[in-house]
Amino acid sequence: MIRGFPGEFSVYALSCRHNTDLLLGQIEEFRPEAVAVLDPVKAKYLAKRLSRSKSRARVYPGAEGLARIACARWVDTVVGALAGVESLAAILSAIRGKKEIALANKELIVGFGEIIMAEARKSGVRILPLDSELSAIFQCMQGKDAGEIERVILTASGGPFYKLSSNKLKNITVSDALRHPVWKMGKKITVDSATLMNKGLEVIETSRFFGIPQEKIDVLIHPGSAVHSIVRFVDGTSLAQIAYPDMRIPIQFALSFPHRLKTRYRVLELSNWGKLEFIRPDFKKFPCLAYARSALKEGGCMPAVLNAGDEEAVEAFLSGMIGFTDIPKVIKKVMDNYLRTTHDARRTTMLKRLLQADRWAREEARRVIETGFKSRL
Ligand code: MG
């Protein structure tokens, strides 16, 4: 997106988890002053490569490195798009440094959303959503009061399997699950999309971002993803955001907000698009959606537990340890066990407790997978 608008943006810093080969090309193209690499071994490797080149970019390793570049004096906007919870400290440091944040990392908002939003309010910092559905809601809400919202309807592409029978779902392989009909995304989110957990996480995200209670958030499967979400107001009027399904569009909106830049991407023509279809999701076939709702209702640390359980279960599915329909079973078991083993602690949203719950859920998920769900090959 920035490549298309060289006069509008300049990149101060870039970061990655471990894909330093991709980062090297980006350093050459965008000439940042600093880079952060989460994996310390890869950070060292990159520093060596750069010392032999003309680049003046300094390399900062680990989560501390990320936090350091996120609050650098010359930065005015931080794009948070590193999946997982390791970038929490960096986002908090950017907020405290009064940077505007464009956030794509839904795991962070789901697990730690209350803390992040409270810190942002305290610092008077704006957080803009990058997720296409949340961007749609944000766009429909411009100039409106949250009290005027009667309902938010999150649309879901449905992933590749929403039409399959429960029986067929059992035999889904990793390569089936990684074939998404609309969006090209990372492995974790593609599997989440197939289990509909992605939409469950977005229900929590929507509630955290906009302060909308769970009961006011609905989900509809909308194959093709032309309508990115809908907001219905108390007067019975619905506003929807419609655009070609291309992540660069919501990214451009967030980075140019409150202005709109002329598009360089494909424009959706409704007359050529064909049918706009909306279908109620089957909660029995896709229980992850129901688990996400109950985690949001339970509150406290439970969304963090749900999220951590899901990350571990998806990882186990991708490495062939469990089947596709075992993913929700693992998550359910971890959530049930969490309710059983803890008492008052789970109600709090202190950072320390949330991090503890996250760690506990990861270990518990691995234990559940080891003892009960390893596929019988
Ligand atoms: Mg999304």
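Note that the structure is predicted; figures quoted are calculated from it, not measured.

Reading the values: the criteria
The residue numbers shown here count from 1 along each chain, following its written sequence. Confidence filtering applies because this is a predicted model: local features only for residues at pLDDT of at least 70, side-chain atom pairs given and counted only at 80 or more, and all residues used for totals across whole chains, interfaces and linings. With hydrogens and water excluded, all non-hydrogen atoms of the structure serve as input to the side-chain values. Working definition: helices are DSSP H or I runs of at least four residues, strands are E runs of at least two. Numbering for both runs from the N terminus. Radius of gyration: over C-alpha atoms. The globule rule applied is 2.2 Å multiplied by the number of residues raised to the 0.38 power. Using a 1.4 Å probe on the protein chains alone, a residue whose accessible area is under 20% of its type maximum counts as buried, one over 50% counts as exposed, and one in between counts as partly exposed. What makes two residues a contact is simply this: any of their non-hydrogen atoms within 4.5 Å. Computed by Shrake-Rupley with a 1.4 Å probe, the accessible areas treat only the displayed protein chains as cover when residues are assessed. Whenever a helix is involved, its axis is fitted only over the stretch in contact; in every case the axis is a line through C-alpha atoms, and angles between N-to-C directions fall within 0 to 180 degrees. Orientation labels follow simple angle bins: below 35 degrees gives roughly parallel, above 145 gives roughly antiparallel, 65 to 115 gives roughly perpendicular, and whatever is left gives oblique. Polar here means any residue other than Ala, Val, Leu, Ile, Met, Phe, Trp, Tyr, Cys and Pro, which are nonpolar, and Asp, Glu, Lys and Arg, which are charged; Gly is therefore polar. Source of the domain bounds: an automatic or database domain assignment. Accessible area that two parts lose when put together, evaluated with a 1.4 Å probe and summed over both, is termed the buried area. Salt bridges are counted wherever a side-chain nitrogen of Lys or Arg sits within 4 Å of a carboxyl oxygen of Asp or Glu. By the criterion applied in these results, polar contacts are pairs of N or O atoms within 3.5 Å in which, for protein atoms, one can donate a hydrogen and the other can accept it, and in which residues neighboring in sequence qualify only through two side-chain atoms. For patch building, the residue pool is restricted to those with more than 30% relative accessible area and no salt bridge; the joining distance is 9 Å between like charges and 5 Å between nonpolar side chains (Val, Leu, Ile, Met, Phe, Trp, Tyr). The charged-residue count follows a simple rule in which Lys and Arg add positive charge and Asp and Glu add negative charge, with His and chain termini not counted at all. Each charge is placed at NZ for Lys, CZ for Arg, CG for Asp and CD for Glu. Pairing between strands is defined by DSSP: at least two bridges between them are needed. Seen with the strands pointing away from the viewer, any crossover whose path from the first strand over the helix to the second strand runs clockwise is right-handed.

Student: Which residues make up the overall build of the chain, and what values do they have?
Tutor: The number of helices and strands found in the chain is 16 helices and ten strands. Taken over C-alpha atoms, the radius of gyration comes to 21 Å for the chain, in line with the 21 Å a tight globule of 377 residues would show. Each principal axis of the C-alpha atoms in the chain carries an extent, and together these give about 60 × 50 × 40 Å. Sorting the 377 residues of the chain into buried and exposed places 53% on the buried side. The long-range fraction of contacts in the chain, counting pairs at least 24 apart against all pairs at least 6 apart in sequence, stands at 69%. With an accessible surface of roughly 18,600 Å², the chain has 51% of that area assigned to carbon and sulfur atoms.

Student: If you had to explain the packing of helix H9 (residues 187–195) against helix H10 (residues 197–210) to someone new, which residues and values would you point to?
Tutor: Geometrically, a packed helix pair is captured by the angle between its two axes and the distance between the axes. Put simply, H9 and H10 touch, their axes get as near as 5 Å, and they point 95° apart. Taken together, the axis directions place H9 and H10 in an arrangement best described as roughly perpendicular. The segment H9 lies against H10, with Lys188, Ile189, Asp192, Ser193 and Thr195 engaging Met197, Asn198 and Leu201. Residues of the contact of H9 with H10, tallied by class, amount to three nonpolar, three polar and two charged.

Student: An account of the domain arrangement of the chain is requested, with residue identities and associated values reported.
Tutor: If you check the domain split of the chain, you get domain 1 (13–131), domain 2 (132–295) and domain 3 (299–377). Between the C-alpha centres of domain 2 and domain 3 there is a distance of 24 Å. Interface area, domain 2 with domain 3, both sides summed: about 1,700 Å², of which 79% is carbon and sulfur. At the boundary of domain 2 and domain 3, one finds one salt bridge. Note that aspartate 310 is salt-bridged to lysine 188, the shortest N-O span being 3.3 Å. Put simply, domain 2 and domain 3 have two residue pairs in polar contact (both at pLDDT 80 or more) between them. Those elements that place two or more of their residues in the side of domain 2 that touches domain 3 are helix H8 (174–177), H9, H10 and helix H13 (287–298). Among the residues forming the side of domain 2 that touches domain 3, the class breakdown is 16 nonpolar, three polar and five charged.

Student: I'd like to hear about a positive patch on the surface, residue by residue, with values.
Tutor: Taken together, the side chains of Lys44, Lys48, Arg49 and Arg52 define a basic patch exposed on the protein surface. With respect to the helices, strands and loops of the structure, arginine 52 is situated in the loop between helix H2 (40–51) and strand E3 (58–61).

Student: Requested: an account of the pairing of strand E4 (residues 77–80), with residues and values cited.
Tutor: Side chains of E4 alternate between two faces, with Val78 and Gly80 buried and Thr77 and Val79 left unburied. Bridging between E4 and strand E5 (residues 100–103) involves four bridges; their strand directions are parallel. Paired with valine 78 across the bridge in E5 is isoleucine 101. With helix H4 (residues 88–96) bridging E4 and the parallel E5, this β-α-β connection has right-handed handedness.

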